[in-house]
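# Examination of the molecular architecture
Listed here are the chains, written in short residue letters.
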Amino acid sequence: MKQYTAKNIEELLVNVAKEKNVSVEELTYFIKEEKAGFLGFGSSVTAEVYALQDVVDFTHDYLEKFFEGFEIPVSISIEQSGNSINVNLDADNNAIIIGRGGKSLDGIRQMTRQAVSAHFKRRFFVTVDVNNYKNDRYAKLKAMAKRIARQVQKSKVDVSLDPMPNDERRVIHKELTDVKNIRTISEGEGRNRHLKIVYDSNKE
């Protein structure tokens, strides 16, 4: 991240906001060094500062260099909302990027999320899709989750789902959050991490 220096943090943020053409409220900063000065003279503060557009630009450049390294021409589009970064990729051979069962795509997502979060020292939720492959996958998962939830409601017998990536578990958990008598819990570690759809008589 780029570092900036000014007499105080207020002045620093105003200057950066003008440079990036955003409001001060849209900036995130980490103070690296503060100097008190003497009798009000010589005081300064140095901070790392970024706006959310910087996160989008970093993500785009990171993925562009990654695919250039494999000599895979790819179109990259990114949408950002809060701490969510949504990437869509499109290449001549999307199957290579997706991989068997979406494993290559999930690896790219995890790699990108770790790189972005480490660079900006903040946890970001990153999704990476290829020509709407993930959106279609999410729609199927939601339908499956609702079907199994109805089954659990009737039988009152819990059901464990197959292991799946964090983003897919998150989709199912969100889909079933408000379903009566149904809870979702995560179990297992690493690649065996999976969701369990649980009957809960106390949940209305």
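Scroll up to find the structure this text is about.
Scanning all chains against the criterion turns up 12 salt bridges. Ionic pairing is found between Arg137 and Glu168, a salt bridge with its closest N-O pair at 3.2 Å. One end of the pair, Arg137, is in helix H5 (residues 133-155); the other, Glu168, is in helix H6 (residues 166-176), with 31 residues separating them in the sequence. In the salt-bridge network here, residues are joined through shared partners; they are Asp106, Arg109, Lys134, Arg137, Asp167 and Glu168.

For any two helices packed against each other, one specifies the crossing angle of their axes together with the interaxial distance. In contact at an axis separation of 10 Å, helix H2 (residues 52-69) and helix H4 (residues 103-120) are set at 135° when each is read in the N-to-C sense. On the basis of their axis angle, the class for H2 and H4 is oblique. Crossing geometry of H2 relative to H4 is assigned as right-handed. Between H2 and H4, the residues in contact are Asp54, Val55, Phe58, Thr59, Tyr62, Leu63, Phe66 and Phe67 and Ile108, Met111, Thr112, Ala115, Val116, His119 and Phe120, respectively. A class-by-class count of the residues in the contact of H2 with H4 yields 11 nonpolar, three polar and one charged.

Here we take up the packing of aromatic side chains. Each pair of aromatic rings is reported with the distance of its centres and the angle of its planes. For the structure on display, the rule yields six aromatic pairs. Ring centres 6.1 Å apart and planes at 20° place the aromatic pair Phe58 and Tyr62 in the stacked group. Of this pair, Phe58 and Tyr62 both sit in helix H2, four residues apart, which is roughly one turn of that helix. According to the relative accessible area criterion, Tyr62 is partly exposed, its value standing at 26%. The rings of Tyr50, Phe58, Tyr62, Phe120 and Phe124 are connected pair by pair, giving a single aromatic cluster. When the ring centre of Phe125 is taken as origin, the NZ or CZ atom of Arg170, which lies over that ring, is 3.9 Å away.

Looking now at the sheet that holds strand E6 (residues 125-130). The mixed open sheet is built from three strands, whose spatial order is E4-E5-E6. The sheet is open, and its two edges are formed by strand E4 (74-81) and E6, each paired on a single side. Each neighbouring strand pair of the sheet contributes to a mean axis angle of 20°, computed without reference to strand direction. Direction of pairing for strand E5 (residues 84-91) relative to E6: parallel, over a ladder of six bridges. Paired with Ile85 across the bridge in E6 is Val126.

Across the sheet, which stays open at both edges, the three strands sit in the order E1-E3-E2 with antiparallel pairing between neighbours. Either end of the sheet is taken by a strand with one partner, and the two such strands are strand E1 (3-6) and strand E2 (27-35). The sheet shows a mean angle of 30° between the axes of neighbouring strands, direction not considered. Examined bridge by bridge, E2 and strand E3 (residues 44-51) share eight bridges and lie antiparallel to one another. By the bridge assignment, Phe30 is partnered in E3 with Glu48. The sheet contacts of helix H1 (residues 9-20) involve E1, E2 and E3, and relative to E3 the element is tilted by about 35°.

What counts, and where the lines are drawn
- Residues numbered from 1 in each chain as written.
- Predicted model: local features only at pLDDT ≥ 70, side-chain atom pairs only at ≥ 80, totals over all residues.
- Heavy atoms only, no water.
- Salt bridge = Lys/Arg side-chain N within 4 Å of Asp/Glu carboxyl O.
- Helix = DSSP H or I, 4+ residues; strand = E, 2+ residues; numbered from the N terminus.
- Axes fitted to C-alpha atoms, helices over the stretch in contact; angles between N-to-C directions.
- Parallel < 35°, antiparallel > 145°, perpendicular 65-115°, else oblique.
- Left-handed = near helix turned anticlockwise from the far one by under 90°.
- Contact = heavy atoms within 4.5 Å.
- Nonpolar A, V, L, I, M, F, W, Y, C, P; charged D, E, K, R; others polar.
- Phe/Tyr/Trp six-rings, centres within 6.5 Å; stacked < 30°, edge-to-face > 60°.
- Buried < 20%, exposed > 50% of the residue type's maximum accessible area, 1.4 Å probe, protein only.
- Lys NZ or Arg CZ within 6 Å of the ring centre and 35° of its normal.
- Pairing = 2+ DSSP bridges.

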